Amino acid sequence: MAQTSQKGPGNTGNNPPAKQLTSCGDVSCELLVDPIPRPTPDPIKVTLKPRMARVTFVDHHKPNSKVIMGYAQSILRERGIEVRDEIVIKEDASTRMPEAMLQSLSGEGGLVLCGISD
Amino acid sequence: MTTYATIEDIENCMDNGWTDGLPVIPPYGSLVDVMLDAMGWQAHDIVGEIASQNIVVRAEKAAATAVMAGCKPEYGALLRALTEGLLDPLLNLSGAEVTTGGAAILVIVSGPVVEQHGFEHGPNALGANCRANATVGRFAQMMRYFCGRGGGVLQSHGTVGHPGRLSFCIAEHPQTEWGPYHTQYGLPAEASAVSLMSTEGPNSVNNHYGDTGAQILDTIGDCLCHYGQTAWYYRSGGFVVVIPPDHMALVAKDFNRDQAREYIFENARRQTDLLAEVGRIANPPIAFAEVEPGALRSPLKNREQLTFIECGGTGGRFSAVIPRWVGSTNAVCKQIV
């Protein structure tokens, strides 16, 4: 009979917990190997609270993304929020942000919005 | 003997999120050890990384996944090459998992390994009810699912997806007209190989009355060019063309592989302005899409994006086109050693 190290809800869907499963038969128990690799602690320190009230947009070239971002810029400006004019361009939506761009954006004092869907 | 305890273990795996949605073989440590040995790894060997998510994948994760998918230890060498391919950064495994494009990882098996492990390469080659195809293809999708979501913190965003996200493994005929599939990626003909790419679902191509190779290739080319092809925006993916024996008998009379590729590249095109009219070209165009108003547009940026595989049964004049996901520019081909 299998046992879990902690009781929890049933199907965990997209967020499987890192739990140890054990199978116990009549005379012995056997560990089950968790197949899911877990991330190591993130070495990048992210500032969650902006130092200044300014929004910078990053467009990653998904269909319609620039249109949506331009519209969002105008709404924010109407509400009196400072928005950086330039929309930073990430050339390819499917790949990791280049290190230089990541470093540049990490120096932004305001809020950076990126990664919208289609 | 299967016991109720085993059934309970399966249910526990599923409750714990260790599943692709189907019941799994529980990854008992003793089974994983056998699989690790077959793959030629130690449990804590690092077999790949997903740098963008700070994920290091160790061999025991891959071996556990292989057990869960139902793979035989005899597949060990193949699974090792497959694991290395899946975690090759060029494949962009995590991108394929989370994209709105709903991509799956297509596994193409070619060379002597096809017969060695009993892969089905004849009837229903794209959806074979055969253990080797089903479990190897399932292993690849489970690796995508388990390793591509940042340990569960990311969500899959596929808009519609396709059934290949459960299993998608195609084996090539051992004897081919144009040489083994992997020779298109520079491997020697006598090798065994796995080739990987992220793809959409296959499109069937039916032509029962054409009696020339050109007619068959024109039909295939038309399938590459329908308005809905994702390729029109970026042209960064490519296509796999599946040609079964009855169509191949016509095509191979008139074309070798390079000629067929050239023929499709030159002739499978659509008027750019019509694509723009129906919204298949960004307005204004994206620079790297290389849009030329007024010109006939190919869904391919270059000839190398088009590859051919020979598989499938006889008695029907069907082929198939498998569009590659546009967010994964590279296919990965690994020799099995």
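Quantities reported herein were computed from a predicted structural model and do not represent experimental measurements.

Rules and cut-offs
- Residues numbered from 1 in each chain as written.
- Chains lettered and ligands numbered in written order.
- Predicted model: local features only at pLDDT ≥ 70, side-chain atom pairs only at ≥ 80, totals over all residues.
- Heavy atoms only, no water.
- Salt bridge = Lys/Arg side-chain N within 4 Å of Asp/Glu carboxyl O.
- Buried < 20%, exposed > 50% of the residue type's maximum accessible area, 1.4 Å probe, protein only.
- Helix = DSSP H or I, 4+ residues; strand = E, 2+ residues; numbered from the N terminus.
- 1 Å grid on protein atoms, 1.4 Å probe; cavity = no way out; pocket = protein on both sides within 12 Å on 5 of 7 lines; lining within 4 Å.
- Points joined across faces, edges and corners; volume = space filled by probe spheres on them.
- Nonpolar A, V, L, I, M, F, W, Y, C, P; charged D, E, K, R; others polar.
- Core = buried A, V, L, I, M, F, W, Y, C linked by side-chain atoms within 4.5 Å.
- Contact = heavy atoms within 4.5 Å.
- pLDDT = per-residue confidence, 0-100.

Engineer: Mind laying out the pattern of salt bridges, listing which residues take part and the relevant values?
Structural biologist: Any two side chains of opposite charge can pair if their charged atoms end up close together. Taken as a whole and judged by the stated rule, the model has 14 salt bridges over all chains. A salt bridge links A:R77 to A:D85; its shortest N-O distance comes to 2.8 Å. By relative accessible area, A:D85 is classed as exposed at 64%. Across the salt bridge formed by B:R261 and B:D258, the nearest N and O atoms sit 2.9 Å from each other. Residue B:R261 and its partner B:D258 are both found in helix α11 (residues 257-267); the two are separated by 3 residues, about one turn of the helix. We classify B:R261 as buried; its relative accessible area is 12%. Linked through salt bridges whose partners overlap, the residues forming this network are A:R54, A:R84, A:E86 and A:E108.

Engineer: Which residues make up empty space enclosed by the protein, and what are the values?
Structural biologist: Residues and elements named next belong to chain B. The full count for this structure, using the stated rule, is 2 cavities of 30 Å³ or more. By volume, the largest cavity amounts to about 40 Å³. In this structure, the largest cavity is lined by W232, Y233, Y234, I281, A282, P285, I286, A289 and V291. When its volume is computed, the second largest cavity comes out at roughly 40 Å³. Considering the residues around the second largest cavity, the lining is formed by E200, Q229, T230, A231, G238, F239, P323, R324 and V326. For the lining of the second largest cavity, the per-class residue count stands at 4 nonpolar, 3 polar and 2 charged.

Engineer: Help me get a handle on the layout of surface pockets, residues and values and all.
Structural biologist: All names here are of chain A. Put simply, the second largest pocket is a space of about 390 Å³. Take the lining of the second largest pocket: its biggest share by element is 3 residues, from helix α1 (residues 65-78). Among the residues forming the lining of the second largest pocket, the class breakdown is 9 nonpolar, 5 polar and 3 charged.

Engineer: Break down the nonpolar core for me, citing the residues and quoting the values.
Structural biologist: All names here are of chain B. The biggest cluster of nonpolar side chains holds 93 residues, and the ones touching the most others in it are L78, L79, L82, L86, V109 and I220. No other element matches helix α7 (residues 131-147), which puts 9 residues into this core. Excluding its chain neighbours within four sequence positions, the residues that come into contact with L86 are L91, L93, I105, F139, A140, M143 and L196. Grouped together as the second largest cluster of nonpolar side chains are 15 residues, L106, I108, Y181 and V242 included.

Engineer: Pulling in residues and values, what's your account of the confidence of the model for chain B?
Structural biologist: Residue-level pLDDT values for chain B average 95, and 99% of them are 70 or greater. Here the predicted complex scores 0.86 on pTM and 0.88 on ipTM.

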